[in-house]
Amino acid sequence: MAEITLVEAVNLALAGEMERDPSVLVLGEDVGADGGVFRATLGLLGRFGKERVIDTPLAEASIAGISIGMAAQGLKPVAEIQFSGFVYPALDHIVNHASRLRHRTCGRLTCPMVLRTPCGAGIHAPEHHSESVETFFAHVPGLRVVIPSSPARAYGLLLAAIRDPDPVIFLEPTRAYRLFKQEVDDNGQALPLDVCFLNREGSDATIVSWGAMLHEVQIAAARLADEGIMAEVIDVATLKPLDMPTILESVAKTGRCVIVHEASRTGGFGAEIAASIAEHGLLSLLAPVQRVAAPDCVVPLPKLEHYFMPDVDQIVAAVRKTLEFA
Amino acid sequence: MAEITLVEAVNLALAGEMERDPSVLVLGEDVGADGGVFRATLGLLGRFGKERVIDTPLAEASIAGISIGMAAQGLKPVAEIQFSGFVYPALDHIVNHASRLRHRTCGRLTCPMVLRTPCGAGIHAPEHHSESVETFFAHVPGLRVVIPSSPARAYGLLLAAIRDPDPVIFLEPTRAYRLFKQEVDDNGQALPLDVCFLNREGSDATIVSWGAMLHEVQIAAARLADEGIMAEVIDVATLKPLDMPTILESVAKTGRCVIVHEASRTGGFGAEIAASIAEHGLLSLLAPVQRVAAPDCVVPLPKLEHYFMPDVDQIVAAVRKTLEFA
Amino acid sequence: MSVVARFEIRHTQFLNHLGEPTQPLPDFARDPDNLIPYYRAMVLTRTYDAKAVALQRTGQLGTVGSSLGQEAIGTVVGSVMQREDVFLPTYREAGAQIARGVTMTELLRYWSGDERGSDYRGPRQDFPVCITIAAQCAHAVGVAYALKLRKEPRVAVTMMGDGATSKGDFYESLNMAGTWHLPVVFVIANNQWAISVPRSVQSAAETLAQKAVAAGIPGEQVDGNDVVALRYVFDQALQRARSGDGPTLIEALSYRLTDHTTADDARRYRDPEDVSRHWAMEPVARLRNYLVLQKVWGKDDEEKLIAECNERVQAAVNEYLATPPPPPGAMFEHLYATLPAALAWQRDAAASGKIHG
Amino acid sequence: MSVVARFEIRHTQFLNHLGEPTQPLPDFARDPDNLIPYYRAMVLTRTYDAKAVALQRTGQLGTVGSSLGQEAIGTVVGSVMQREDVFLPTYREAGAQIARGVTMTELLRYWSGDERGSDYRGPRQDFPVCITIAAQCAHAVGVAYALKLRKEPRVAVTMMGDGATSKGDFYESLNMAGTWHLPVVFVIANNQWAISVPRSVQSAAETLAQKAVAAGIPGEQVDGNDVVALRYVFDQALQRARSGDGPTLIEALSYRLTDHTTADDARRYRDPEDVSRHWAMEPVARLRNYLVLQKVWGKDDEEKLIAECNERVQAAVNEYLATPPPPPGAMFEHLYATLPAALAWQRDAAASGKIHG
Ligand SMILES: Cc1ncc(C[n+]2csc(CCOP(=O)(O)OP(=O)(O)O)c2C)c(N)n1
Ligand SMILES: Cc1ncc(C[n+]2csc(CCOP(=O)(O)OP(=O)(O)O)c2C)c(N)n1
Ligand SMILES: [Mg+2]
Ligand SMILES: [Mg+2]
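Keep in mind that this is a model prediction, so the values were computed, not measured. (Residues numbered from 1 in each chain as written. Chains lettered and ligands numbered in written order. Predicted model: local features only at pLDDT ≥ 70, side-chain atom pairs only at ≥ 80, totals over all residues. Heavy atoms only, no water.)

Enquirer: So what exactly am I meant to see when it comes to the overall build of chain A here?
Expert: Of the regular secondary structure elements, chain A holds twelve helices and 14 strands. The globule rule puts the C-alpha radius of gyration for 326 residues at 20 Å, and the 19 Å found for chain A is close to it. Overall size of chain A, expressed as C-alpha extent along the three principal axes, is 60 × 40 × 40 Å. Taken across its 326 residues, chain A has 75% of its residues classed as buried. Taking the contacts inside chain A whose residues are at least 6 apart along the sequence as the reference set, 83% of them involve residues at least 24 apart. (Helix = DSSP H or I, 4+ residues; strand = E, 2+ residues; numbered from the N terminus. Rg over C-alpha atoms; globule rule 2.2 N^0.38 Å. Buried < 20%, exposed > 50% of the residue type's maximum accessible area, 1.4 Å probe, protein only. Contact = heavy atoms within 4.5 Å.)

Enquirer: Sorry if this is basic, but what is going on with the packing of helix H4 (residues 104-111) of chain C against helix H11 (residues 299-321) of chain C here?
Expert: Any two packed helices are characterised by the angle at which their axes cross and by the distance between the axes. All names here are of chain C. Packing of H4 against H11 brings their axes to within 8 Å, and their N-to-C directions diverge by 50°. Comparing the axis directions of H4 and H11 gives the class oblique. Judged by the twist between their axes, the crossing of H4 over H11 is right-handed. Side by side, H4 and H11 meet where Met104, Thr105, Leu108 and Arg109 of the first sit next to Arg312, Val313, Ala316, Val317, Glu319 and Tyr320 of the second. The residue inventory of the contact of H4 with H11, partitioned by class, reads six nonpolar, one polar and three charged. (Axes fitted to C-alpha atoms, helices over the stretch in contact; angles between N-to-C directions. Parallel < 35°, antiparallel > 145°, perpendicular 65-115°, else oblique. Left-handed = near helix turned anticlockwise from the far one by under 90°. Nonpolar A, V, L, I, M, F, W, Y, C, P; charged D, E, K, R; others polar.)

Enquirer: Before we go on, may I ask you to explain the side chain of B:Gln73 in this structure?
Expert: By the element assignment, B:Gln73 lies in the loop between helix H3 (60-72) and strand E4 (76-80). Residue B:Gln73 is classed as buried on the basis of its relative accessible area, which comes to 9%. A distance of 2.5 Å separates the side chain of B:Gln73 from the side chain of D:Arg150, its partner in a polar contact. (Polar contact = N/O pair within 3.5 Å; in protein donor to acceptor, adjacent residues only side chain to side chain.)

Enquirer: Can you walk me through the pairing of strand E5 (residues 114-119) of chain B in this structure?
Expert: The two faces of the sheet receive side chains in turn, since in a regular strand these alternate between them. Residues and elements named next belong to chain B. For E5, the tally of buried residues reaches six of six residues, placing the bulk of the element in the interior. Side chains Val114, Arg116 and Pro118 project from E5 onto one buried face, and the interleaved Leu115, Thr117 and Cys119 project onto a second face that is buried too. As defined by bridge partners, E4 adjoins E5 across three bridges and the pair is classed as parallel. Counted as the bridge partner of Glu80 is Arg116 from E5. Note: E5 against strand E7 (residues 168-173), six bridges, orientation parallel. Considered in E7, the bridge of Arg116 is made with Phe170. (Pairing = 2+ DSSP bridges.)

Enquirer: Where do I start with the coordination of the magnesium ion (ligand 4) in this structure?
Expert: Residues and elements named next belong to chain D. Coordination of the magnesium ion (ligand 4) by the protein involves Asp162 (OD), Asn191 (OD1) and Trp193 (O), with metal-donor separations of 2.0 Å. Donor residues binding the magnesium ion (ligand 4) come from one chain and are separated in sequence as D-x28-N-x1-W. Residue Asp162 is located in the loop between strand E3 (156-161) and helix H6 (168-180), and its partner Trp193 is located in strand E5 (residues 193-194); the two are separated by 31 residues in the primary sequence. Its relative accessible area of 0% is what places Asp162 among the buried residues. (Donors = N, O, S within 2.8 Å, 3.2 Å for Na, K, Ca; no water.)

Enquirer: Looking at this structure, I do not really get the sheet that holds strand E13 (residues 257-264) of chain A. What am I missing?
Expert: The strands making up a sheet associate through backbone hydrogen bonding, with each pair oriented either parallel or antiparallel. All names here are of chain A. Here five strands make up an open sheet; going across it, the order is E9-E11-E10-E13-E14 and the pairing mixed. Pairing within the sheet leaves two strands with one partner each, and these edge strands are strand E9 (197-200) and strand E14 (290-294). The sheet shows a mean angle of 25° between the axes of neighbouring strands, direction not considered. One ladder, built from three bridges, connects E9 with strand E11 (residues 231-235); its direction is antiparallel. Residue pairing in the sheet places Arg200 in a bridge with Val233 of E11.

Enquirer: Can you walk me through the site of ligand 2 in this structure?
Expert: As a structural note, the neighbourhood of ligand 2 is formed by 20 residues, with A:Glu60, D:Tyr91, D:Arg92, D:Asp162 and D:Trp193 the closest of them. The site occupied by ligand 2 is bordered by residues of chains A and D. Side-chain polar atom of D:Asn191 to an oxygen atom of ligand 2: 2.9 Å apart, as the coordinates give it. Between an oxygen atom of ligand 2 and a main-chain N or O atom of D:Trp193, the distance comes to 2.7 Å. Compared with its free state, where it exposes 570 Å², ligand 2 has 96% of that area covered by protein. Of the residues belonging to the shell around ligand 2, the class tally is nine nonpolar, six polar and five charged. (Near = heavy atom within 4 Å. Areas by Shrake-Rupley, 256 points an atom, 1.4 Å probe, with all protein chains shown as cover.)

Enquirer: Is there a simple way to think about the environment of D:His11 in this case?
Expert: Tracing the sequence through the fold places D:His11 in strand E1 (residues 2-12). Distance in space between the C-alpha atoms of D:His11 and D:Val317 is 39 Å, their sequence separation being 306 residues. The residues touching D:His11, leaving out its near neighbours within four places in the chain, are C:Met1, C:Ser2, C:Val4, D:Gln221, D:Val222, D:Asp223 and D:Leu253. At 3.1 Å, the side chain of D:His11 forms a polar contact with the side chain of D:Gln221.

Enquirer: I keep staring at the environment of A:Lys240 and nothing clicks. Help me out?
Expert: Along the chain, A:Lys240 turns up in strand E12 (residues 238-240). Residue classification places A:Lys240 among the buried positions, given a relative accessible area of 3%. When the C-alpha positions of A:Lys240 and A:Asp194 are compared, they lie 7.0 Å apart, and in sequence the two are 46 residues distant. When neighbours within four sequence positions are excluded, A:Lys240 is seen to be in contact with A:Phe137, A:Ala138, A:His139, A:Val140, A:Pro141, A:Leu143, A:Arg144, A:Val145, B:Thr266, B:Asp296 and C:Tyr336. Of note is the side chain of A:Lys240, whose polar atom sits 3.1 Å from the backbone oxygen of A:Ala138.

Enquirer: Sorry if this is basic, but what is going on with the interface of chain A and chain D here?
Expert: Quite often, the size of an interface is put as the accessible area lost when its parts meet. Taken together, the contact pairs 41 residues of chain A with 37 residues of chain D. Between chain A and chain D, the buried area comes to about 3,200 Å², and carbon and sulfur atoms account for 61% of it. Where chain A touches chain D, the interface holds two salt bridges. Here A:Asp34 makes a salt bridge to D:Arg268, at a shortest N to O gap of 3.3 Å. Between chain A and chain D we count eight residue pairs in polar contact (both at pLDDT 80 or more) in total. Breaking the side of chain A that touches chain D down by element, the ones donating at least two residues are E14, helix H11 (302-308) and helix H12 (312-324) of chain A. Classifying every residue of the side of chain A that touches chain D by side-chain character gives 23 nonpolar, seven polar and eleven charged. (Buried area = accessible area lost by both parts, 1.4 Å probe. Salt bridge = Lys/Arg side-chain N within 4 Å of Asp/Glu carboxyl O.)

Enquirer: Please explain the relation of the copies chain A and chain B as it appears in this structure.
Expert: The pair of chain copies shares a relation made of a rotation about an axis and a shift along it. With an RMSD of 0.0 Å, the fit of chain A onto chain B corresponds to turning through 180° and sliding 0.0 Å along the axis. Overall, the copies show the geometry of a two-fold rotation axis. Counting the interface residues of chain A, we find that 98% of their copies in chain B are interface residues as well, pointing to one common contact surface. (Least-squares fit on C-alpha atoms with pLDDT ≥ 70 in both.)

Enquirer: Help me understand the site of ligand 1, please; the structure alone is not making it clear to me.
Expert: Around ligand 1 there are 20 residues in total, and B:Glu60, C:Tyr91, C:Arg92, C:Asp162 and C:Trp193 lie nearest to it. The environment around ligand 1 is built from residues contributed by chains B and C. Within the backbone of C:Ala164, a nitrogen or oxygen atom sits 3.0 Å from an oxygen atom of ligand 1. C:Trp193 places a main-chain nitrogen or oxygen 2.7 Å from an oxygen atom of ligand 1. Relative to its unbound accessible surface of 570 Å², ligand 1 loses 95% to contact with the protein. Of the residues assigned to the shell around ligand 1, the class counts are nine nonpolar, six polar and five charged.

Enquirer: Explanation requested: the interface of chain A and chain B in the structure shown.
Expert: Listed by partner, the interface residues are 49 residues for chain A and 48 residues for chain B. Interface area for chain A against chain B, summed over the two sides, is near 4,100 Å², with a carbon-plus-sulfur share of 60%. Counting the surface chain A buries against chain B, the share from its top three residues, A:His139, A:Glu279 and A:Val298, is 17%. Here chain A and chain B share ten salt bridges between them.

Enquirer: What's the story with the confidence of the model for chain C in this structure? I'm lost.
Expert: Detail in the predicted coordinates should be disregarded across regions flagged by low pLDDT. Scored by pLDDT, chain C has a mean of 97; 99% of the residues are at 70 or more. Confidence metrics for the complex model read pTM 0.98 and ipTM 0.98. (pLDDT = per-residue confidence, 0-100.)

Enquirer: Quick question: what am I supposed to make of the sheet that holds strand E12 (residues 238-240) of chain B here?
Expert: Residues and elements named next belong to chain B. Spatial strand order, E3-E2-E4-E5-E7-E6-E12: seven strands in an open sheet with mixed pairing. Only two strands of the sheet have a single neighbouring strand rather than two, namely strand E3 (53-55) and E12. Between one strand axis and the next, the sheet turns through 20° on average, direction left out of account. Its contacts with the sheet place helix H7 (residues 151-163) against strand E2 (24-28), E4, E5, strand E6 (144-146) and E7, and it is angled at close to 160° to E7.

Structure follows, in structure tokens:
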């Protein structure tokens, strides 16, 4: 077992599954000789050839669109959109076709595709390279939306996503690509989709988050623990379909909840979780549900990026705030 | 003062503003001789000529994209996307460019455009013609998202949208286009943006909604009133930026809240309102906030459409449910 | 200055608007009997379309678009394709779909607003009708990629309107198909109108066939009301694709003789005289004239055919009208392979007729 | 079969790779002194690009892309446009932007991650750098529409890479520009690579200029390392646009002699020999050779110019480095004309350095 980064875990999962399943192929801009701008597809061209590792022309709408045709024919395309800010042209095919092909044809045609894209800010990238786009997908019936927060989760969830018989949007937090290493066993074992993971147990407050923010959340939880505040940390992992039972159970125990995400606050997916808690967990709440999120402004260019992103202090402060009640 | 339908009110506002402001133009598919597939642009070609009433080639991405160029040059384009299911290709230009042109250039270039599109189900239309797309836009910083619920609101809000110096997504509930008539004074007076409207006062529960659903909400409120339950009805009208103070004030008074929308529940904009109430109005809540929304499935073809859409019974039931508490 | 690339766009016609050959007919058409199946298919399509519109007018069907005047294109495409090829239709291709083996009952179900209408019993791999203009082009490229990857001698064929050629999807697809040299044929049914927008407003291009030049693939124009020319040109494109010689774009020139759909009233925006002029060129009469000239078709044949078509269409209508309505819970069927736990309560509520709260 | 449309794509070159005329030069170039400003501008661009890369390498600038090897294109475009025209650049056009009057300080600010860098003091109506490939094409069409509507003799000019020609936006824009006959010039800086993807993988089209055929507008290929040819062809396109004769697509052939951006390492995917070969054709030496052959340029001129360029670039760098950081509250500035009430608390929190909770 080797210690690897999140992006290496993505690579490992892709390579392994391409080895095991000849119907899996990857496509996207620069996924071939270049191995992807983040190296997620490194070495795949050499191992699997250019028919299964496809450098596409520069056209995001069609990267998604042709994946649908491939998937309908029984292939398992894993398409890469180079940065999340370029995913919008692909949305039409995802919303209007990928998500509903099975339903519209009563299961006659299906769409087992994965759309991978890096997402999130924090790497001082140029404009349009730092967007958090989960909200756009998590509203769409028929999709799965998955975000890993660690190398091991990336490996296991990506395997699950590829094996899933339906379309999965797989968002990879750019900032977490090389943030830390973890031992990952290349055993071909998928992690379950559609469930939240409990990262840390605690009794005083629940912190719910996903993707790269889990890093800050864990640090915040450790810092709170030093003060004797035991936060329970939940990694949502699959945003859609959302595993509310796990979250509600935790909130029933702690009575307090802070939701942390990197996307802008208004209409972000944290709202869905907060709303569901307000609907189904209101009576166990001891304090208002807090959201720690990016503000409702355009992701700033790198100079102001760090002011835009939620940080450890803010998470700690939000948890403390929930403890001021009752 | 004449009694007119919502779509006639849209037409009236467009014609009036084109008359008053020579920089206003309309563009889209079939907006010319055909007057738009819903007749929203009826008669404009004859009055203002084909340079200001532009039948575009069939290309939604560019309908949005060229509007940005026009707007940056000081024109006020009012673009029509024929049905909301075809708006996704336009999203890239709206999110990546329209919403941020002012910010990226420190105000040097601006984007005073309006993107109009019919939305929502209930008219037995073919596939992709019945989508509720407000959520996709309401998450995007830099945009305004407006949905009228009546002829008078459509008239006043569209004038406001056209006059607004920033991009406005103007969603017109198809089902409400000809649902009822109202007296509308063609006085050129805009309604305020960024504020909710109080449609009905009440003390027992607050019902928050927008667009065509207000119709069912009003009926539900009337029915509840017959039983002695006085519901306060709020028409959100501008979803982004959201006027939470008005909603919170009402909830502070009633202690109960039901949010009604036609888009699918998960990640719908109702979540944002429920979450904000959970954050800022928790202490005044006497019951969990209820959401009445479409289920998380693809908008069905006409045969099942009516099962998909929230109806009066469901709204009434949800309000009753909030009253079961305390 | 030097010229670095040259292109020309050819137009093919064999039968003029009177059904008279303008040049020697290709082999397959030497025996006029070979053309009778196309004639029969066109008449069936026209009968079906007329019935569908009538059903809509009487509240028994949803919005529907007729292929009146352009039946030749779909009929030829659907008939000439091999069974194992994959068809990706747009919404105006009942003729092609019927020829592919989609039943008229299925078509009527779909257009009545019932998802089960897209569960074709016949061509299992064909795509359902694509409503969002030009999206099917990308799907066709993906299908063709799979066929080529598996080295199967099969072809993906997709149809679209003239309006569709303005969409980015169309160009991106042509370009990708060209890059990868895929077995796909793109057929434009240029009926001169995209709802109210005439062909001249869609593009300054003299022909739509020349859009192929942008992708470096062959583009051909054909008289889309001439079954012989259509079959000739489409055959070549199919063969090219099947034998590994890559994609083709075909522009078939025709005319929409009726409203865009039942939701449209074309008198609002176009001159009825323009329509009348085009009646003189329509494909059904043209082929009938040829067959009559060749003495392989007569009044009796015609009467029998019409009766037969009416009967077949009516049988489909009866079957369609007898379809039990889908249960409310169907909304959640086939949404995912297995319904996620998170949606179980919604499904249960829907099945019981109550899904909210 | 008849031919219904014919097209040819011309390629223009005046100076070969050695800077020798291959045909009589056009009028404007008869006096070689007229070409010196282009030479100076190219050298300034190259100096600026090199400095920007060096700043990035030393942590003083963000990711940035150099135009090394393709300076002629932007330089000519930026210099030949009229002041009142509107330019819509992509991210590799420092040369064009500088020629348009954007200051190097502004460029450095932008590439350091500071929105204020796009608040050009000079060309107030020019668009900021467009990062999302090909989107600027649509914006250019909109701008051109406005210019035409107001009957102003102004032109919108936009530049893009070879990769951009695969995007739907590109084609849709060409098509709309053609339909409305707009005053817009599309210039493709074909540097043969889109990051790691070579030109041959972008399209099966023999030339990118022929993509114009799809829109029914003129398309021209030009040697993009030959200032004379560029100016000649671009001039004609500008004039055509300005006089109401509609849009043009120009494909300028060049080569990216360096990495895609500072975030890239081109050795991963391309043969260094290919790069070496193209050094022999690069535009700066080519024009210098011509000027030297014409005896209007010498060693002294060169040394003086280099010193001057270094000085100007260094002055810009100093000014850039002295820029005070933007305050956190700037995130909310210019987000809307007037900050909506709903965002006031967020702005206040941001201004105080705390925006959450
Ligand atoms: C992406 C998209 N935009 C708009 C529409 C609405 N619409 C339906 S048909 C049509 C015109 C299509 O014209 P054409 O491609 O020529 O096909 P035809 O209807 O003539 O067969 C339009 C604009 C749509 N279905 N999809
Ligand atoms: C829509 C979009 N997709 C992907 C990218 C990422 N990306 C940046 S540059 C580039 C290649 C562009 O190649 P080309 O158009 O030839 O321009 P060049 O960089 O060679 O000047 C890519 C894929 C982007 N910026 N925008
Ligand atoms: Mg048409
Ligand atoms: Mg390039």
